[in-house]
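Residues per chain are reported as follows:
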Amino acid sequence: MSFHESLCILGLGDLGVGGMGISEGKALLYTVAGGVPPSSVLPVCLDVGTNNKALLEDPTYTGLKQRRLTGAAFDAVMDEFVSAVQAWRPHVLVQFEDFGNVNAFRVLDRWRERCCCFNDDMQGTAAVALAGLLAGMRATGGSLEQQTFLFLGAGEAGTAIGELISQQLVRRHGLSLQQARGRCYYVDSKGLVCAARRQELQHHKLPFAHDRPFLPDLETAVRQLKPSVLIGVAAQPGVFTATILSLMAQQHQHPVIFSLSNPTSLAECTAQQALEATAGRAVFASGSPYPPLVLPGGRQVFPAQANNAYVFPAVFPAQANNAYVFPAVGHTAVFPAQANNAYVFPAVGHAAVLTRCSSIPDAVFLEAAEALGAMSSSQQLAQGRLFPPLSDSRAVLCRKGGAIQLTSDHKPDRSDEAARVAALGGKVVAKGGGARVMGLLAMSRAIGDHFLRPYVIPEPEVACLQRSHEDELLILASDGLWDVFSCAEATTLALRSTMRARERGASSSAACRVGASVLARGAIERGSRDNITVLLVDLRRGEGAAGSVAAVLAAQCSELVVGGGPRGRRKRSSSGGGAEEGGINVSYLAAAAAAEG
């Protein structure tokens, strides 16, 4: 359930019931990116009034024409609603969306241990941002514990990102929580968040109120604190000035600039501004899409949006175009892309429902961020792609020994797709041994970058079938597998390998791990040079399906392929950690294991 308050939308403010489209969009992404049946998703908008004067005076406004409920009155409505939903569907997942600062922290704290829920603006955004940072560290050879983080904006999104970064530093680098939080600094509307201001600060800012002298503004903070990472979540357009960006470049070889506020009119800086001010050395991510850039020398750059859609729908690996390193030496095109929660929230949400977990701890978002941050190969990182393409996956059902393809690949070399693109004024270009839309994207129906619309459309072809007792396995895999295996071949090999593993006494999850590994190794031996990610889900019940769904989901192939050739070296990774070189196959849904309540 995507549950929307409509108080603070994309920097647009209070839209009242006009924000219902956000919940509907999230629901669509659960289906498109997570494979959740539309009948299992319910978009909801909580109408408790509006403080938008224009709406209150608009005779055509359909929502409640009253001031918003606050405090105890608001909490009573929330309690009644969530309790009713739990009584109706005991295993429901509730995704909170666009709650204002005044309510977001309190509502999440009140319900996170009592209900299977998460706040996408806080936890989803934090996971995507952390994934972008981890990918950026891989691209530049840096390490997270060596960074100093400065945030402009100390609201729900900003402090949630800082808190998840801190937890990662505790978990992977041995810092205490106090030490980790000490790496994160915040500038709000009054200046640096510091100990001298503790009496006036909201509770969510207090963990980051460090004992340092007060600094009045962002530029002074950049000069004094010398941050290596600058993250904007304040919806103040143009506040990352050329002076501030140049300072970042003077202080660090590869400054990280995340301009996450959206829409575009509220972005802290544009991709072009960040690149020009840092001599092309920045690792950049944005919350809004930008058109292609042509840099001096004719090099074309494709900035893209850093958006929450990378996190929430759970089943298919998606294209997280978060942050891209410039200038990608040796390449004529750089692809700065979108940091979108759709890489994470469909995965976390769907896994939570499948496992019927009672709550979603922060460890789930740490797992998701690590997996997502490790999905791009070193070749993709060199091109500036911190995240792999969204569309490179296929679902195949193994039923009664046969293969049923549930999703259809939309390669632009299909005559119908090439004709559709051409009819819209686009073109399909032969490149790199295949066909690409406008010479760039190998899928014609994908989420894609904004500037590829309308030639690329987010309308997949998905077959919906009634579940049967004859269903055996579900294969979810990237096109690194499907480039060299037919559906029938993959089905036969998966069934045979999992059956042999079970005959040797393996559990359902262990057998799925064996089957996924066999398929991935087979793709390597056949010479696949693309990303190879394989997930097997055991659909057999009773005798053939011992163990929890979470364990089955966690039993995907998690093998790193280094070198990319038919006999490439292999390196195992249990949590999707970074690889050194070559094509990479990385576990994506490690969050499913942590999500088991």
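Everything that follows concerns the structure shown earlier in this document.
Parameters and conventions
- Residues numbered from 1 in each chain as written.
- Predicted model: local features only at pLDDT ≥ 70, side-chain atom pairs only at ≥ 80, totals over all residues.
- Heavy atoms only, no water.
- Salt bridge = Lys/Arg side-chain N within 4 Å of Asp/Glu carboxyl O.
- Helix = DSSP H or I, 4+ residues; strand = E, 2+ residues; numbered from the N terminus.
- Buried < 20%, exposed > 50% of the residue type's maximum accessible area, 1.4 Å probe, protein only.
- Core = buried A, V, L, I, M, F, W, Y, C linked by side-chain atoms within 4.5 Å.
- Contact = heavy atoms within 4.5 Å.
- Axes fitted to C-alpha atoms, helices over the stretch in contact; angles between N-to-C directions.
- Parallel < 35°, antiparallel > 145°, perpendicular 65-115°, else oblique.
- Left-handed = near helix turned anticlockwise from the far one by under 90°.
- Nonpolar A, V, L, I, M, F, W, Y, C, P; charged D, E, K, R; others polar.
- Phe/Tyr/Trp six-rings, centres within 6.5 Å; stacked < 30°, edge-to-face > 60°.
- Lys NZ or Arg CZ within 6 Å of the ring centre and 35° of its normal.

Asks: Would you take a moment to explain the pattern of salt bridges for this structure?
Replies: Close approach of charged atoms allows side chains with opposite charge to pair. Applying the stated criterion across every chain yields a total of 21 salt bridges. Between Glu 470 and Lys 400 there is a salt bridge; the shortest N-O distance is 3.7 Å. You can see Glu 470 sitting in the loop between β20 (434-437) and β21 (471-478) and its partner Lys 400 sitting in the loop between β17 (393-399) and β18 (402-405), a full 70 residues away along the chain. Residue classification places Glu 470 among the partly exposed positions, given a relative accessible area of 29%. Arg 540 is the salt-bridge partner of Asp 538, the closest N and O atoms lying 3.0 Å from each other. Given the relative accessible area of 11%, Asp 538 is considered buried.

Asks: Would you mind showing me how to read the nonpolar core here?
Replies: By size, the foremost hydrophobic cluster in this structure holds 74 residues, and its most contacted members are Ile 165, Val 344 and Ile 360. A per-element tally of this core places helix α5 (residues 120-140) first, with 10 residues. The next biggest cluster of nonpolar side chains, apart from the first, holds 25 residues, and it includes Tyr 185, Leu 247, Ala 271 and Phe 284.

Asks: Got a minute to help me understand unusual backbone geometry in this structure?
Replies: One can expect most non-glycine residues to show negative phi and most peptide bonds to be in trans. For Lys 400, which is not glycine, the phi torsion reads 55° and is therefore positive. A residue is classified by how much of its surface remains accessible, and Lys 400, at 63% relative accessible area, is exposed. Unlike most non-glycine residues, Met 438 shows phi in positive territory, near 55°. Structurally, Met 438 can be placed in the loop between β20 and β21.

Asks: How do you make sense of the side chain of Thr 491 when you look at a structure like this?
Replies: Relative to the helices and strands, Thr 491 is located in helix α16 (residues 487-503). Residue classification places Thr 491 among the buried positions, given a relative accessible area of 1%. Apart from residues no more than four positions distant in its own chain, Thr 491 is found in contact with Val 396, Cys 398, Gly 401, Gly 402, Ala 403 and Ile 475.

Asks: I'm lost on the environment of Ile 22 in this one. Help?
Replies: Here Ile 22 is to be found in helix α1 (residues 20-32). The exposure class of Ile 22 is partly exposed, given its relative accessible area of 24%. For the pair Ile 22 and Pro 43, spaced 21 residues apart in sequence, the C-alpha separation works out to 8.6 Å.

Asks: Just to check I follow, could you spell out the packing of α5 against helix α6 (residues 156-173) for this structure?
Replies: Geometrically, a packed helix pair is captured by the angle between its two axes and the distance between the axes. Axis separation between α5 and α6 bottoms out at 8 Å; the angle between their running directions is 55°. Classified by the angle their axes make, α5 and α6 are oblique. Between α5 and α6 the crossing geometry is right-handed. Contact with α5, carried on its side by Asp 121, Met 122, Thr 125, Ala 126, Ala 127, Ala 129, Leu 130, Leu 133 and Leu 134, involves Glu 156, Ala 157, Ala 160, Ile 161, Leu 164, Ile 165 and Gln 168 of α6 and no other residues of that element. Broken down by class, the residue content of the contact of α5 with α6 amounts to 12 nonpolar, two polar and two charged.

Asks: In this structure, what is going on with the environment of Leu 535? I would like to understand it.
Replies: Positionally, Leu 535 belongs in strand β22 (residues 534-538). Separated by 58 residues in the primary sequence, Leu 535 and Ala 477 place their C-alpha atoms 6.1 Å from one another.

Asks: Hey, could you run me through the packing of aromatic side chains in this one?
Replies: Two measures describe an aromatic ring pair: the distance that separates the ring centres and the angle between the ring planes. Inspection of every chain in the model, using the stated rule, returns six aromatic pairs. Taken together, a centroid distance of 5.3 Å and an interplanar angle of 70° make the contact between Tyr 30 and Phe 345 edge-to-face. Of this pair, Tyr 30 sits in helix α1 while Phe 345 sits in helix α11 (residues 345-355), placing them 315 residues apart in sequence. Here the two residues Tyr 30 and Phe 345 agree in accessibility, since each one is buried. Ring plane angle 55° and centroid distance 5.8 Å describe the contact between Phe 118 and Phe 365, whose orientation is recorded as tilted. In this pair, Phe 118 sits in strand β4 (residues 117-119) while Phe 365 sits in helix α12 (residues 362-373), placing the two residues 247 residues apart along the sequence. Note on accessibility: Phe 118 and Phe 365 belong to one class, buried. Each residue in the set Phe 74, Phe 96 and Phe 99 is aromatic and connected to the rest through ring pairs, giving one cluster. Geometry around Trp 111 places Arg 114 over its ring, the cationic atom sitting 4.1 Å from the centre.

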